[in-house]
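Coordinate analysis (summary)
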Amino acid sequence: FQAEDGIRDVERSRGLGDVYKRQVDLSIFTWFYPTSFGFYNVIFSKQSSSGWDFALMMKNISGAYKLTFESGADLDNHTADLFVNRWYYLGFTLDGPNGDLKLYVRGFSNPSPTTHSNEGRGTFDASDPFYVGEERSFAAGAPGHMSQLQIYDRVLTSTEVEQNYDADKARYGY
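Residues numbered from 1 in each chain as written. Predicted model: local features only at pLDDT ≥ 70, side-chain atom pairs only at ≥ 80, totals over all residues. Heavy atoms only, no water.

Here's the deal with the overall build of the protein
A tally of regular secondary structure across the protein gives two helices and eleven strands. Listing each helix as α and each strand as β along the protein from the N terminus yields β-α-β-β-β-β-β-β-β-β-β-β-α. Going through the 174 residues of the protein one by one, you find that 51% of them count as buried. When contacts within the protein are restricted to residue pairs at least 6 apart in sequence, those whose partners lie at least 24 apart make up 64%. Carbon and sulfur atoms make up 47% of the accessible area of the protein, which amounts to about 7700 Å² in all. (Helix = DSSP H or I, 4+ residues; strand = E, 2+ residues; numbered from the N terminus. Buried < 20%, exposed > 50% of the residue type's maximum accessible area, 1.4 Å probe, protein only. Contact = heavy atoms within 4.5 Å. Areas by Shrake-Rupley, 256 points an atom, 1.4 Å probe, with all protein chains shown as cover.)

Following this line, the structure appears as structure tokens:
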């Protein structure tokens, strides 16, 4: 991905390790502007020894790109179609490793999250890295621009997600 400064960036962090070790709640959001679509288009990924523990990506599902959360054989998609060359406020909340997952996409008329029950997503192993903008084992990064990455060690409410979106939406043309 490219940060707003136009420089291609990939971030790797072990700084989220305590979040995974304690198996607490997690919310990750960003503004993202896809410039093209490849096969996986990974925005965030958490590595594991066998590939990814989980990944948030824009994936082609039956001919349309959807915000997708993938972990092992578990695949959850938001209902909204995504298009290139427009800003989206997107992300997820995860109620611990065994709780509900909510996928959010703002930048279209329906602000509702899609909710998925969790069948035990991810190992939440603190020793494995977390990537922003790429998934290293497949070089499956999302082409585009990212702005205002937000990471919380709790589940944001729908109201809080909406407040974060409303606070900056004018900057992104909404």
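So that's the structure; there's more coming.
Describing the nonpolar core
Ile43, Phe44, Leu56, Leu67, Phe69 and Phe92 are the most contacted members of the largest nonpolar core, which has 23 residues in total. Counting only elements with at least two residues in this core, the list comes to β2 (26–34), β3 (42–48), β4 (51–61), β5 (64–71), β7 (88–94), β8 (101–106) and β10 (130–132). If near-sequence neighbours (up to four positions away) are discounted, Leu67 is found in contact with Ile43, Leu56, Met57, Asp76, Asn77, His78, Leu82, Leu90, Gly91, Leu103, Tyr104 and Val105. Counting nine residues, the second-largest nonpolar core is a separate cluster that includes Trp87, Leu156, Val161 and Tyr165. (Core = buried A, V, L, I, M, F, W, Y, C linked by side-chain atoms within 4.5 Å.)

A closer look at the packing of aromatic side chains
All chains considered together, the criterion is met by 13 aromatic pairs. Aromatic side chains Trp31 and Tyr89 sit 5.3 Å apart centroid to centroid with 50° between the ring planes, which places their arrangement in the tilted category. Of the two residues, Trp31 sits in strand β2 while Tyr89 sits in strand β7, which places them 58 residues apart along the sequence. Overall, Tyr89 belongs to the buried group, its relative accessible area being 0%. Ring geometry for Tyr89 against Tyr165: centres 6.2 Å apart, planes inclined by 45°, an arrangement best described as tilted. Separated by 76 residues along the polypeptide, Tyr89 in strand β7 and Tyr165 in helix α2 (residues 158–168) bring together distant segments of the chain. (Phe/Tyr/Trp six-rings, centres within 6.5 Å; stacked < 30°, edge-to-face > 60°.)

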